[in-house]
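Tertiary structure, described
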Amino acid sequence: MRFALSDEQRLLAKSVADVLRKHATPADVRAAWSSDVGSAERWAQLADLGVPAMLVPEQHGGLGLSELDMVVVLEQVGRFALPEPVLETAMIVAPLLAASSTPEAAAPLARIVAGEITAAVLFDDARVAANLHGASVVVLARATEGVQWFEPAAGATKARRSVDGARRLGELCAPPTWAPMVTGDRAAELTARARDRAALGAAAELVGLGRAMLDMAVDYAKVREQFGKPIGSFQAVKHHLASAHVALELARPAVLYAAQRTSERAADASRACSLAKAVASDAATGAARASLQCHGAIGYSFEHDLHLWMKRTWALARAHGDAATQRARVAALILDHNEGRS
Amino acid sequence: MDLAYTAAEEAFRAEARAWLEANVPREPWPSGDTREGFALHRTWEKRLHAAGFAAVAWPKKYGGRDASLVEWLMFEEEYYRAGAPQRIAQNGIFLLAPTLFEFGTDEQKDRLLPRMAAADDVWAQAWSEPGAGSDLAGIRSRATRDAAGGGFRLSGQKTWCTRGAFCDWVFGLFRTDPAAERHKGLTYFMVPLSAPGVTVRGVGRLDGDEGFAEVFFDDVWVPDADVIGGVHQGWDVAMATTGSERGLTLRSPGRFTAAAERLVALYRSIHGQGTPVDTRVRDAVARAWIEAEQYRIFTLQTVTDVRDGRGLGAASSVNKIFWSELDVRLHETALDLLGERAELDDDAEAAGWMKGFEFALAGPIYAGTNEIQRNIVAERVLGLPRK
Ligand SMILES: Cc1cc2nc3c(=O)[nH]c(=O)nc-3n(C[C@H](O)[C@H](O)[C@H](O)COP(=O)(O)OP(=O)(O)OC[C@H]3O[C@@H](n4cnc5c(N)ncnc54)[C@H](O)[C@@H]3O)c2cc1C
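1. Observations concerning the overall build of chain A
Broken down by element type, chain A carries 12 helices and eight strands. For 342 residues, the compact-globule estimate of 2.2 N^0.38 gives 20 Å, and the C-alpha radius of gyration of chain A, at 20 Å, lies within 12% of that figure. Once the C-alpha set of chain A is aligned to its principal axes, its extents read approximately 70 × 50 × 35 Å. Evaluated residue by residue, chain A yields a buried proportion of 59% over its 342 residues.

So, in structure tokens, the structure goes:
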């Protein structure tokens, strides 16, 4: 038993962080608020690092890495509030296409691996999703009906605005003729696995977002003075931040664990993903609250960067199953289906 | 990241499970925090010892079996899963022993550890005083060099000493240099409660059991051999002990994962009888189970860190805050499931949960209150200014 990231994984986190520190500055995140499209340049940098190809097996030209490696990257994506569809493209869609083992998947997969296009996914009867308006490949993943992907025609999608202006949402207004490439049990399995990866990936981003917001508050609490001393010396401030720290410290291993279980296709993988999403959503929204409270009005101002992180958190905490929904999934497994601890 | 256990580890787990299945008493015992319950639990400690399970992680020569941290975690999981008796020897085995391993002399270890493992000596902690709880460095009990040499004379009062009315020895801090700065002039002593000049008075706890004791010291002679670490160095030694208490060794995840499974069983039995369960209570059951699982996973990381030589340090406060608060929520949820039955003291199942709830409420108080733990996290982990 060894519960720790490998040296390679630590290095991976560092190389991603090095790139994002330069190319996803808070100013860049803010600039993404007034842009309808992602930054091709930034996506190319991520492609250089191999990010879109990580979960694609080597026989499809990918890197054949694991969900645990991907989660290491997504934690950094969250930490820098990167406004690019890494979760959708690299974590959800690319491995789904690869696992579909259909000839129709080859072309879009090759373009994703090459870093030429990004992707979006709509689960079951959802119509709105991140990166949908602008993605070159959209996957409709329906557990009971099948899985289909297509290149949206002009006008098939329209932009929707998120509270997080950097999160480009889209709505599918003109669905294509339903002609699934995968059906039956296989479709159900692909959809279920993609949903688990979606929850897991969002959880990883949330841990990164939460840690970043806590760091901001800690830094601020050391320098902002009131009553002649740093506000970080006041116990009420300390306790807000300590509680946020505890929640994040316990959420992160849950995310790493779920990623490891998913990589190993373990029996408890799906439950672990739900658990991770539940606790990461709560930890990150708690960190957002604590951080805002400890910043006071400056944190409430549009000029301050905190809201960029906070709004991403609000969105991701609910995307792919909010905490209560994920707990309900865990409840169904442990209370109704007798899936006890191993 | 590798979550598999070795064949040897799995074999150890199987052995522990089989032994526990064969030996754990079928009927629940009276609480070990009462006089007759304590005596009964001492016989259990002796059986554990005879089977080599009293202190699995200790070296063999002291009564352990050289088990790894991972195996210790496994043993704890099996122990609580089996519903085995309360460990009345825990304060010695899990709190004093790690301190002796780090600071004790060979003579002390050879003399004290085998008797501790065998429950010939059962140990209690004597830190708190009427005037010094959270502010432990404010203790006033004194120890002065005995004029005749070779030892010290202790006087003063300790309080809230768990099971002190039934134990054989206590360990704690006494002020040896009143002129020194508060944290400096303290020394760590071990004292047999049979020593002349010691008076012990049992005090009832929230649940009515005589689980607390006040201990009075009136010119009690203690030999130099019963000082741990250097004279006036007691604070640093004591901090090592509180680190174990907050961190791993006092509250392993097995205790909470077992409680969470019992909560799930309670939910099923109530739901199975056709009693509707409020969706919020159902959600709370899931949350309690999730938190116990989170703590289990977090501990895998902690064990790896410790094995890699990264000590817990102030991060043990994170641990303590989490397990103590999850334990309260878990037991509150059980009471919510029981509903009006929860108050029934003559309903064994309900009374068991209520007693568990009462004990869980102490978690955020003992081993340093959670307010103090949050101060530690803020100052020593996050680096916020003390003043
Ligand atoms: C079940 C149980 C078993 C125990 N067993 C033992 C034992 O075996 N041996 C032993 O020596 N002691 C034992 N204790 C005592 C325990 O260590 C103390 O209760 C604890 O250290 C708190 O001290 P206090 O009770 O004097 O509370 P106080 O220190 O008086 O605190 C009262 C309240 O004030 C808060 N407070 C105090 N200082 C601060 C601060 N600086 N910042 C914020 N809040 C603060 C506390 O958090 C608490 O909420 C036990 C206690 C319990 C409940």
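2. A look at the sheet that holds strand E5 (residues 157-160) of chain A
Either a parallel or an antiparallel arrangement is found when strands of a sheet pair, and the pairing is made through backbone hydrogen bonds. Residues and elements named next belong to chain A. On the basis of which strands lie adjacent, the open sheet formed by three strands has the order E2-E6-E5 and antiparallel pairing. Edge positions in the sheet fall to strand E2 (128-130) and E5, since each of these pairs with one other strand and no more. Taken pair by pair, the neighbouring strands of this sheet meet at an average axis angle of 35°, ignoring direction. One ladder, built from four bridges, connects E5 with strand E6 (residues 169-172); its direction is antiparallel. Considered in E6, the bridge of Lys158 is made with Glu171.

3. Remarks on the interface of chain A and chain B
Chain A puts 44 residues into the contact, and the matching count from chain B is 47 residues. Of the roughly 4,500 Å² buried where chain A meets chain B, counting both sides, 64% is carbon and sulfur surface. If you look at where chain A meets chain B, you find five salt bridges. Among the salt bridges present, the one from Asp283 of chain B reaches Arg327 of chain A, with a minimum N-O distance of 2.7 Å. Across the contact surface, chain A and chain B share 20 residue pairs in polar contact (both at pLDDT 80 or more). Those elements that place two or more of their residues in the side of chain A that touches chain B are helix H7 (184-223), strand E8 (229-230), helix H8 (235-263), helix H9 (269-295) and helix H12 (323-336) of chain A.

4. Some details on the nonpolar core
Core analysis: the largest hydrophobic core is formed by 198 residues, its most contacted members being Met70, Val86 and Leu241 of chain A. Considering every element that reaches this core, the biggest residue donor is H7 of chain A, with 19 residues. Beyond its immediate chain neighbours, meaning those up to four positions away, Leu241 of chain A contacts Leu214, Ala217, Val218, Ala221, Ala290 and Cys294 of chain A together with Leu382 and Leu384 of chain B. With 26 residues, the next largest nonpolar core counts Ala119, Val122, Leu193 and Phe217 of chain B among its residues.

5. Quick notes on the environment of Ser136 of chain A
Residues and elements named next belong to chain A. When you line up the elements, Ser136 lands in the loop between E2 and strand E3 (137-142). Judged by its relative accessible area of 24%, Ser136 falls in the partly exposed class. Here the alpha-carbon distance between Ser136 and Glu116, two residues 20 residues apart in the chain, equals 9.2 Å.

6. Quick look at the packing of H8 of chain A against H9 of chain A
All names here are of chain A. It is the contact of H8 with H9, at a shortest axis distance of 8 Å, that shows an interaxial angle of 160°. Taken together, the axis directions place H8 and H9 in an arrangement best described as roughly antiparallel. With respect to the hand of their crossing, H8 and H9 are arranged in left-handed fashion. For the contact of H8 with H9, the per-class residue count stands at 21 nonpolar, three polar and one charged.

7. Brief notes about the pairing of E3 of chain A
Residue and element names in this part refer to chain A. Within E3, six of the six residues are buried, leaving the element largely enclosed by the surrounding structure. Neither face of E3 is left uncovered, since the one carrying Val137, Val139 and Ala141 and the one carrying Val138, Leu140 and Arg142 both have all their residues buried. Sheet analysis places strand E1 (residues 119-123) next to E3, joined by five bridges and oriented parallel. What sits directly across from Val121, in E3, is Val139. Looking at chain direction, E3 and strand E4 (residues 146-150) are connected through five bridges and run antiparallel. What sits directly across from Arg142, in E4, is Gly146.

8. Observations concerning helix H5 (residues 106-117) of chain B
All names here are of chain B. If you check H5, its first and last C-alpha atoms are 16 Å apart, about what 12 residues at 1.5 Å a residue would give, namely 16 Å. Taken together, the buried positions of H5 are Gln108, Lys109, Leu112, Leu113, Met116 and Ala117. Taken down its axis, H5 places every buried residue within 120° of arc, on the same side. Of the residues flanking the end of H5, it is Ala119, one or two places downstream, whose phi is positive at about 60°.

9. Re the environment of Ala217 of chain A
Residues and elements named next belong to chain A. Within the element layout of this structure, Ala217 appears in helix H7. The exposure class assigned to Ala217 is buried, which follows from its relative accessible area of 1%. Through-space distance from the C-alpha of Ala217 to that of Val56 is 38 Å; in sequence the pair is 161 residues apart. Apart from residues lying up to four places away in sequence, Ala217 is in contact with Leu241, Ser291 and His295.

Reading guide: rules and limits
- Residues numbered from 1 in each chain as written.
- Chains lettered and ligands numbered in written order.
- Predicted model: local features only at pLDDT ≥ 70, side-chain atom pairs only at ≥ 80, totals over all residues.
- Heavy atoms only, no water.
- Helix = DSSP H or I, 4+ residues; strand = E, 2+ residues; numbered from the N terminus.
- Rg over C-alpha atoms; globule rule 2.2 N^0.38 Å.
- Buried < 20%, exposed > 50% of the residue type's maximum accessible area, 1.4 Å probe, protein only.
- Pairing = 2+ DSSP bridges.
- Axes fitted to C-alpha atoms, helices over the stretch in contact; angles between N-to-C directions.
- Contact = heavy atoms within 4.5 Å.
- Buried area = accessible area lost by both parts, 1.4 Å probe.
- Salt bridge = Lys/Arg side-chain N within 4 Å of Asp/Glu carboxyl O.
- Polar contact = N/O pair within 3.5 Å; in protein donor to acceptor, adjacent residues only side chain to side chain.
- Core = buried A, V, L, I, M, F, W, Y, C linked by side-chain atoms within 4.5 Å.
- Parallel < 35°, antiparallel > 145°, perpendicular 65-115°, else oblique.
- Left-handed = near helix turned anticlockwise from the far one by under 90°.
- Nonpolar A, V, L, I, M, F, W, Y, C, P; charged D, E, K, R; others polar.
- Expected span 1.5 Å × (residues − 1).
- Arc of directions from axis to C-beta.

This is a description of form; function is not addressed.
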